[in-house]
Every structure is written in structure tokens, then in C-alpha cells.
Amino acid sequence: MRIVMIGSGYVGLVSGACFADFGHEVVCVDKDEGKIAKLREGGIPIFEPGLDALVAKNVAAGRLSFTTDLAGPVGEADVVFIGVGTPTRRGDGHADLSYVYGAAREIASALKKFTVIVTKSTVPVGTGDEVERIVRETNPAADFAVASNPEFLREGAAIEDFKRPDRIVVGIEDERARGPMEQVYRPLYLNKSPVLFTRRRTSELIKYAANAFLALKITFINEIADLCEKVGADVQEVSRGIGLDNRIGSKFLHAGPGYGGSCFPKDTLALVKTAQDHDSPLRLIETTVAVNDQRKRAMARKVTAAMGGDVRGRTIGVLGLTFKPNTDDMREAPAISIVQALTDAGAKVRAYDPEGMEAAKPLLGDIDYAESAYQAAEGADALVLVTEWDAFRALDLKRLRDRMANPLLVDLRNVYSPAEARAAGLDYVGIGRPDAEH
Ligand code: NAD
């Protein structure tokens, strides 16, 4: 199959490279000239484990190429995916669909034969209808079908998720789209990955419902963690105790500083707006959004309280900035609110992140950066673990303590146990754990 991927970011580049690896001929398009130039030189504009090797292999095999010119490749494509960004629209919280609609107009003008146009971006219910209308209006002679195929990959494990998905969801209105979509995912059919064909609007909603449910689950355990702190219970054990129930499941039950990232915050908000527009409010999700927003700044208050109520002039080491490990993505990372609140209160922050520091610099203002976790601890009055990178899971706690001016570890991911921190001479504050732990 000839596939064009419009948008070569976290989703477009991974999907494009994986489709090429399935044996398809893939052209990845982006209007960001810098990104395309870097890809053409053999570089990778983002950090995603394994992506450099996958891209290099498929470029070398002649199946994967990069361009800023959409028209040529689209004219020859069997399937064109739209994988552009759908960020929160400024002012009202709806998804900003201008990139999707812009791409639809450009695709429309370039179509030469029957082509399936697929929204892989996360788009609100009804976007496929509007894409169809735009294409027809722009090019009345075009022969096309519009399908929905939301992406469920997770940054940090994106290739594995794409190649071994829990399920593939495809929404179609025109039966002519079915064959090409089956062809595109044929290798996964052979792997017995469940493929759910459904209507387009249902497919669009599945993506938002999935993300909203996961965000709700995280927010639920975060509130339970707060209650644990008040009543002397341990949220780690509560999570285990409920997660072993198959009806609940153990995933997404890790208490922490609140969800962030490029998807949950914007998608929960966009779903809330869609539901309000249709006079069918989703109160659970409205509450999830509000609780999570408050939580990020509450984490800065937690650090301040652990430091005796005043951080002015004191040095705080921050370990981990990205919204989760194994990515350089800083979008809506809890670290942004936490660092901001601490510096607002007069603290001096020195941060270290294995991959995220370049992306963090424009977002975090006037802070210092360290070259290792141990350097971040040097002379610090507290060390705050914000993102649970593997590199932070086996730190030499005694070595950290020896470098600190005041031995306090605030562990917002419960990576360490209070007992092991105490054994290393550190005062320990975790999330949802009793002070006196075994
Ligand atoms: P991104 O910002 O990393 O990439 C989007 C790319 O699209 C950018 O490089 C931008 O330059 C390009 N672009 C915008 N308009 C274009 C146009 N008209 N022509 C060519 N290129 C254009 O975004 P992302 O994280 O890859 O997300 C893309 C979509 O996938 C979003 O809707 C997102 O919600 C969804 N999604 C993301 C993830 C994730 O983990 N990042 C997971 C599942 C779904």
C-alpha cells in the first residue's frame, strides 16, 4: 500500500515508521521544515526508544521517506492519514481543529484517484463529517472516503504499542474504506490483534472515552492517596488490594502528582466541552479535570510543607521533568506547575532530567540544570522526585544524602520506601503513605 502520513510528530513519525516496517511504502509529511531536514539527514526530532533504528532501517530499505511537499505523494496514495496536532483551543477548551481542517483542504486539492483519508489525530465526534464536507467543497470531483482510526500508543513504549496493540479501532461510513484499512493493518490481523470496525462517530468517541476513563482512574487513586495520608493508610497497598480484582485491574492505579502529557489534559477538557455542547454533561470528567488541575500546585504546597512552610532562598533539587519517563515530551508536565510554584515562592530550583531538559528550558524560566541526579542534590535543602525514570530507581541514597545540605527526599512517585530512605539517613515524604512505615 502507498501510505502518506500528514504530520510527523510523536504519532505520525512512529506510525509512519511502523507502517513502513510492515512493508508499506510510506511518505511522512510535515510542514515544519526543520523537522523534515533533520529526518532527511538521519536525525530524529523527538526522543522515543527504538525509533532511530526503526526509521534508519526503513529509510535504508527504501520504504520510508520525508517531505514538506504534500501534493505529490498524496496524489499517488491509497491511504492518507492525518496525524497533526489537536491541542486545546485557546480560550474555550475545545480541541483546536485548525491543523486537521488545514490538512484536509491541502489533501483535497492533491487527490487524483480513489483515496481513503483517515483521521489518526484525536478528534471530537463529528470531525470526520466535517473533513468529508471540506474535501468535497474544496475538490467536488474528488473520489474519496473518510475513516477514523484513533491512535492509542503511549509515548515511551510507542513502537511496541503500535506493533502489538490491545486493539485497533476503525470507524467507517463508506464500505469502500474497509478493504484498504484491512490491508494497512494486515500484519496485525495476522498477529491476531483485535480489530474493531465500527461507525465513524463511535470510533471518534471511543478514543476520548478511553482517555477520560484512564484519567479518571488516576485521579481516583490520587484522591484515595490524599485520604490515606489523613487516616494512616498506605495507598500502595490499597492499589494492590483493589488492582488484583479483575474488574478493576492494576494499571493506572499509581498515585502521583497528577496526570499531564500531550493527551489526557487536552482530551478530557475537549470531551467535557463536547458533552456540554450536546447538553449531556459528563460530571465525572468535569470533576476529574478540576481535581487534577488543583493537584499539580498542591504538590508544590506539599514540598513547602515538608520543608517547614517556607522555601524562600532555599535550594530544591528536582529529579525528572517530563510528564512521564522515556520521552522528552514536556507538554502539560506536572513539573511545570510544581517548579513554577516553588520558584514563585522564592526557591532556587536545580533540575535534572535524562532526556527532557532541552524541551523544558523554554517552559521553566530561570532555574539551574544539573548533569546528574547527584549533582542536583549538591547542597540542596530538599530533593523532589517528580518523574520516575529508571535512572532514578536505584540511586545511592546515602551518596545523595551526603551531598545535601538538608536530607529531605520528597518522592512524588513512591519510587522508594520510607524505610529504605530512612535507613540512608533521609527524611522521607511520599504520596499517600503513613509516616511510620514498616
Ligand atoms: P505533534 O505536535 O508531535 O505532531 C504534530 C505534527 O503535525 C507537527 O510536527 C506539525 O508540524 C505537523 N503539522 C501540523 N499541521 C500540518 C499540516 N497541515 N501538514 C503537515 N504537517 C502538519 O503531535 P502528536 O503528539 O504526534 O499528536 C498528534 C495527534 O495524535 C493529536 O491529535 C494527539 O492527540 C494524537 N495522539 C497523540 C499521542 C501521543 O502520545 N503523543 C497518542 C495518541 C494520539
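Basis of the calculations
Residues numbered from 1 in each chain as written. Predicted model: local features only at pLDDT ≥ 70, side-chain atom pairs only at ≥ 80, totals over all residues. Heavy atoms only, no water. Helix = DSSP H or I, 4+ residues; strand = E, 2+ residues; numbered from the N terminus. Rg over C-alpha atoms; globule rule 2.2 N^0.38 Å. Buried < 20%, exposed > 50% of the residue type's maximum accessible area, 1.4 Å probe, protein only. Contact = heavy atoms within 4.5 Å. Areas by Shrake-Rupley, 256 points an atom, 1.4 Å probe, with all protein chains shown as cover. Lys, Arg positive; Asp, Glu negative; His and termini not counted. Charge placed at Lys NZ, Arg CZ, Asp CG, Glu CD. Near = heavy atom within 4 Å. Polar contact = N/O pair within 3.5 Å; in protein donor to acceptor, adjacent residues only side chain to side chain. Domains from an automatic or database assignment. Buried area = accessible area lost by both parts, 1.4 Å probe. Salt bridge = Lys/Arg side-chain N within 4 Å of Asp/Glu carboxyl O. 1 Å grid on protein atoms, 1.4 Å probe; cavity = no way out; pocket = protein on both sides within 12 Å on 5 of 7 lines; lining within 4 Å. Points joined across faces, edges and corners; volume = space filled by probe spheres on them. Nonpolar A, V, L, I, M, F, W, Y, C, P; charged D, E, K, R; others polar. Pairing = 2+ DSSP bridges. Right-handed = clockwise from strand over helix to strand, strands pointing away. Phe/Tyr/Trp six-rings, centres within 6.5 Å; stacked < 30°, edge-to-face > 60°. Lys NZ or Arg CZ within 6 Å of the ring centre and 35° of its normal.

Participant: Would you explain the overall build of the protein chain in this entry?
Facilitator: Counting its regular elements, the protein chain contains 18 helices and 14 strands. Taking 22 Å as the expected radius of gyration for a compact globule of 438 residues, we find that the protein chain reaches 23 Å, a close match to that expectation. Structurally, the protein chain occupies a C-alpha span of about 70 × 50 × 40 Å along its principal axes. Expressed as a percentage of the 438 residues in the protein chain, the buried residues total 54%. For the protein chain, long-range pairs separated by at least 24 residues make up 72% of all intrachain contacts whose partners lie at least 6 apart in sequence. As displayed, the protein chain has an accessible area near 19200 Å², and 49% of this comes from carbon and sulfur atoms. Across the protein chain, 55 positive and 62 negative side-chain charges occur, with their mean positions spaced 2 Å apart.

Participant: Quick question: what am I supposed to make of the site of the ligand here?
Facilitator: The full set close to the ligand counts 25 residues, and D30, K35, T86, E155 and K266 are the nearest of them. One of the backbone nitrogen or oxygen atoms of V11 is found 2.8 Å away from an oxygen atom of the ligand. The separation between an oxygen atom of the ligand and a polar side-chain atom of R331 is 2.8 Å. Relative to its free-state accessible area of 830 Å², the ligand is covered by the protein chains to the extent of 90%. Contributing elements (two or more residues each) for the shell around the ligand: α1 (10-21) and α5 (98-110).

Participant: I keep staring at the domain arrangement of the protein chain and nothing clicks. Help me out?
Facilitator: Interfaces are frequently sized by the accessible area removed from exposure as the parts join. Splitting the protein chain by domain gives domain 1 (2-198) and domain 2 (213-437). Placing a centre on the C-alpha atoms of domain 1 and another on those of domain 2 gives a separation of 33 Å. Facing 18 residues of domain 1, the contacting portion of domain 2 comprises 18 residues. Of the roughly 1300 Å² buried between domain 1 and domain 2 on both sides combined, carbon and sulfur atoms contribute 51%. Counting the surface domain 1 buries against domain 2, the share from its top three residues, F47, H94 and E155, is 42%. Seen at the junction of domain 1 and domain 2, the total is one salt bridge. A salt bridge links E155 to R331; its shortest N-O distance comes to 3.8 Å.

Participant: What's the story with helix α2 (residues 33-40) in this structure? I'm lost.
Facilitator: For an α-helix, the turn length of 3.6 residues means that residues three or four places apart are oriented alike. With a side-chain oxygen positioned 3.0 Å from the backbone nitrogen of G34, the residue opening α2 is D32. G42 sits one or two positions beyond α2 and adopts a positive phi of about 95°.

Participant: Looking at this structure, how should I read empty space enclosed by the protein?
Facilitator: The method is simple in principle: a probe with the dimensions of a water molecule rolls over the atoms, and the space it marks as empty is what remains. According to the stated counting rule, one finds one cavity of 30 Å³ or more in the structure shown. Roughly 40 Å³ of volume is contained in the largest cavity. Together, T119, S121, T122, V123, S148, P150, E204 and K207 line the largest cavity. By residue class, the composition of the lining of the largest cavity is two nonpolar, four polar and two charged.

Participant: I tried to follow the environment of F66 on my own but got confused; where do I start?
Facilitator: Take F66: it is sitting in strand β3 (residues 64-67). Given the relative accessible area of 6%, F66 is considered buried. Taking C-alpha positions, F66 is 50 Å from R433, a pair spaced 367 residues apart along the chain. Once residues within four sequence positions are removed from consideration, F66 is found in contact with L13, C28, I36, L39, R40, V55 and V59.

Participant: What's the story with the pairing of strand β13 (residues 408-411) in this structure? I'm lost.
Facilitator: Along any regular strand the residues' side chains alternate between the sheet's two faces. Where burial is concerned, the two faces of β13 agree: the one with L408 and V410 and the one with L409 and D411 are both buried. Of the pairings in the sheet, the one linking strand β12 (residues 382-385) to β13 comprises three bridges and is parallel in character. Bridge assignment links L383 to a residue of β13, and that residue is L409. Where β13 meets strand β14 (residues 427-429), three bridges bridge the pair, whose relative direction is parallel. Across the sheet, residue L408 finds its bridge partner in β14, namely D427. Regarding topology, helix α18 (residues 418-423) serves as the crossover connection from β13 to the parallel β14, and that connection is right-handed.

Participant: Whenever I open this one, the packing of aromatic side chains confuses me. Can you help?
Facilitator: Aromatic ring pairs are defined here through the distance separating the ring centres and the angle between the ring planes. Going through the model one piece at a time under the given rule, you end up with nine aromatic pairs. Ring pairs connect the aromatic residues F19, F22, F81, F162 and Y185, which therefore count as one cluster. Positioned over the ring face of F152 is R167, at 3.6 Å from the centre of the ring. The ring of Y374 has R399 lying over it, and the distance from NZ or CZ to the ring centre is 3.7 Å.

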